[in-house]
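Close look at the chain arrangement
In case you want the letters, here they are:
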Amino acid sequence: MKATLLSSLILYSALATPSLVQAEEGGMTEAGRKIFNHHCTACHSLEPSKNSFGPNLIGVVNRKAASMPRFSYSKAMQKSGITWDEDNLRKWIADNEALVPGTRMRHVSITDGAEQDYLISFLRSLK
């Protein structure tokens, strides 16, 4: 009886986990969208062919900094040599001026790790 119950729980867990993970990721992405709308949309467009005051962020995750066509980046950003991996995105979100001194982007400080997770999840969804 115990073996059957244990087997059933293991099977249920294995079957349920992908759905739970997808639901959690979807929730994180939606929370990130809200943070993006609150902090970022004044300067960043979500339309693939449109740059605003800031560059378009479609496909930003793992993109080389200062690489969007038709956007005039600061000299500091052009010389930064960074790639927007998760670590650099976290640093940028927390204190962009510390990561790239001389950037033209105004300072936006999102230091809460969970909010950073949500925002990065949303940025990953932009393809």
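The rules we used
- Residues numbered from 1 in each chain as written.
- Predicted model: local features only at pLDDT ≥ 70, side-chain atom pairs only at ≥ 80, totals over all residues.
- Heavy atoms only, no water.
- Helix = DSSP H or I, 4+ residues; strand = E, 2+ residues; numbered from the N terminus.
- Contact = heavy atoms within 4.5 Å.
- Buried < 20%, exposed > 50% of the residue type's maximum accessible area, 1.4 Å probe, protein only.
- Core = buried A, V, L, I, M, F, W, Y, C linked by side-chain atoms within 4.5 Å.
- pLDDT = per-residue confidence, 0-100.
- Expected span 1.5 Å × (residues − 1).
- Polar contact = N/O pair within 3.5 Å; in protein donor to acceptor, adjacent residues only side chain to side chain.
- Salt bridge = Lys/Arg side-chain N within 4 Å of Asp/Glu carboxyl O.

Moving on, we get to the environment of Ile 120. By the secondary structure assignment, Ile 120 is in helix H4 (residues 113–125). On a C-alpha basis, the gap between Ile 120 and Arg 33 in space is 9.6 Å, while along the polypeptide they are 87 residues apart. Not counting residues up to four positions away in its chain, the partners in contact with Ile 120 are Glu 86, Leu 89, Arg 90 and Ile 93.

In this structure, Asn 62 takes a positive phi of about 70° despite not being glycine. Its location among the elements puts Asn 62 in the loop between helix H1 (2–39) and helix H2 (75–80). Note on Asn 62: relative accessible area 55%, which makes it exposed. For Ala 66, which is not glycine, the phi torsion reads 60° and is therefore positive.

All right, on to the nonpolar core then. Of all hydrophobic cores here, the largest spans 25 residues; its most connected members are Phe 36, Met 77, Trp 84, Leu 119 and Leu 123. Elements with a contribution of two residues or more to this core: H1, helix H3 (86–99) and H4. Those residues in contact with Phe 36 that lie beyond four places of it in its chain are Thr 41, His 44, Leu 46, Leu 57, Leu 119, Phe 122 and Leu 123.

With that out of the way, let us pick up the confidence of the model for the protein. Looking at the protein, pLDDT values average 85 and 80% of them are 70 or higher. Mean pLDDT in the protein bottoms out at H1, which sits at 65, and peaks at H2, which reaches 98.

On to H4. For H4, built from 13 residues, the straight-helix expectation of 18 Å at 1.5 Å per residue is met to within 8% by its first-to-last C-alpha distance of 19 Å. Of the residues making up H4, those classed as buried are Gln 116, Leu 119, Ile 120, Ser 121, Phe 122 and Leu 123. Where H4 begins, one side-chain oxygen reaches toward the backbone nitrogen of Ala 114, 3.0 Å away; that side chain belongs to Asp 112.

Another point: the pattern of salt bridges. The final tally for this structure, using the stated rule, is five salt bridges. Where Asp 117 meets Arg 90, a salt bridge forms, and the shortest distance between an N and an O atom there is 2.2 Å. Here Asp 117, found in helix H4, pairs with Arg 90, found in helix H3; they are 27 residues apart in sequence, far enough to count as distant. Residue Arg 90 is classed as partly exposed on the basis of its relative accessible area, which comes to 21%. Each of Glu 86, Arg 90, Asp 117 and Arg 124 takes part in a single network of salt bridges with overlapping partners.

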